[in-house]
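Survey of secondary and tertiary structure
The lines below spell out each chain.
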Amino acid sequence: MGLLDILLGRTKPVAPDLDQLFALPSAAVTLQAAMGFTPTGTGAVCFATVEGAAFEQTHREVQALLDADADRAGSPVELCRDDYGYSWLVSRRSPDQLPQLVNDLHAVNSSMEINGFGPQLLCSLAGFTDDSGRRLALVYLYKRAAFYPFAPLAGSGERRDNALELQVKSTLASDLRIEQDLNRWFPVWGAPGL
């Protein structure tokens, strides 16, 4: 970063660090002990919609890689689009298989990155719920290499439980690299697995 960048207020972008995803299982233990949230077994990778043969080949490679897991029942990765035009690769596991789910998310991100689709990657998320039915996602921002909580309010349209999100932020501050700029805590309405 040069002097001109400092004077103009530009910052050096944070390099993606997919290994941050591996902190999710220990964060889940903290989240369950402190707040009663448990994994749902569903996670997803979001990216700007990509068309073409190169992406189809990457999707087939990811599918083949995750199909090789003998402990999985059913289709490992489902490709879907949300109402906002973004694509999601969704992985489903049993709720007690969070480490395997994290491996799936890492494999999907890595495959897309290696095949040149890194700039299209937006975020990854893992879903959680508590006994009262509240939903929560821990969202990893690919381009910020940090997590943030997203908690939609049940039955209220597109409204968030900001108090819960801030409570989760403080609870997981020592477990995950948390995005400090709250303006970057983007809502992921309609995200599969949430």
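Please read all numbers here as calculations on a predicted model, not as lab measurements. (Residues numbered from 1 in each chain as written. Predicted model: local features only at pLDDT ≥ 70, side-chain atom pairs only at ≥ 80, totals over all residues. Heavy atoms only, no water.)

To continue, consider the packing of helix H2 (residues 24-35) against helix H5 (residues 162-171). Between two packed helices, both the angle of their axes relative to each other and the distance between the axes serve to describe the pair. Put simply, H2 and H5 touch, their axes get as near as 10 Å, and they point 120 degrees apart. As summarised for this structure, H2 and H5 are arranged oblique, according to the angle between their axes. As for how H2 packs across H5, the hand of that crossing is right-handed. Contacts from Thr30, Leu31, Ala34 and Met35 in H2 reach Leu164, Gln167, Val168 and Thr171 in H5. Across the contact of H2 with H5, the residue classes break down as 5 nonpolar, 3 polar and no charged. (Axes fitted to C-alpha atoms, helices over the stretch in contact; angles between N-to-C directions. Helix = DSSP H or I, 4+ residues; strand = E, 2+ residues; numbered from the N terminus. Parallel < 35°, antiparallel > 145°, perpendicular 65-115°, else oblique. Left-handed = near helix turned anticlockwise from the far one by under 90°. Contact = heavy atoms within 4.5 Å. Nonpolar A, V, L, I, M, F, W, Y, C, P; charged D, E, K, R; others polar.)

Before going further, it helps to spend a moment on the nonpolar core. Formed by 55 residues in total, the largest nonpolar core has its most connected members in Leu31, Trp88, Phe128, Leu176 and Val188. Sort the elements by how many residues they give to this core and helix H4 (residues 98-117) lands first, with 8 residues. Other than its neighbours up to four places away in sequence, Leu176 contacts Ala23, Leu24, Ala27, Leu138 and Phe147. (Core = buried A, V, L, I, M, F, W, Y, C linked by side-chain atoms within 4.5 Å. Buried < 20%, exposed > 50% of the residue type's maximum accessible area, 1.4 Å probe, protein only.)

This brings us to the packing of aromatic side chains. Counted by the stated rule, this structure contains 3 aromatic pairs. With a centroid separation of 5.1 Å and 75 degrees between ring planes, the pair formed by Phe150 and Trp189 is classed as edge-to-face. Placement of Phe150 in strand S6 (residues 146-150) and of Trp189 in the segment after H5 is noted, with a sequence separation of 39 residues between them. With respect to burial, Phe150 and Trp189 carry one shared label: buried. (Phe/Tyr/Trp six-rings, centres within 6.5 Å; stacked < 30°, edge-to-face > 60°.)

So, about the pattern of salt bridges. All chains considered together, the criterion is met by 6 salt bridges. In this structure, Glu78 and Arg92 form a salt bridge, with 2.7 Å as the shortest nitrogen-oxygen distance. Taken together, the residues span a long stretch of sequence, with Glu78 in strand S2 (residues 77-81) and Arg92 in strand S3 (residues 86-92) at a distance of 14 residues. One salt bridge in this structure joins Arg184 and Asp181, with 3.7 Å as the shortest N-O distance. Asp181 sits in the partly exposed class, given a relative accessible area of 30%. (Salt bridge = Lys/Arg side-chain N within 4 Å of Asp/Glu carboxyl O.)

Attention now goes to the environment of Thr38. As for its position among the elements, Thr38 is in strand S1 (residues 38-48). A relative accessible area of 28% means that Thr38 is categorised as partly exposed. Residues Thr38 and Arg135, spaced 97 residues apart in sequence, show a C-alpha to C-alpha distance of 9.8 Å. Discounting chain neighbours no more than four positions away, the residues touching Thr38 are Gln32, Gly127, Phe128 and Thr129.

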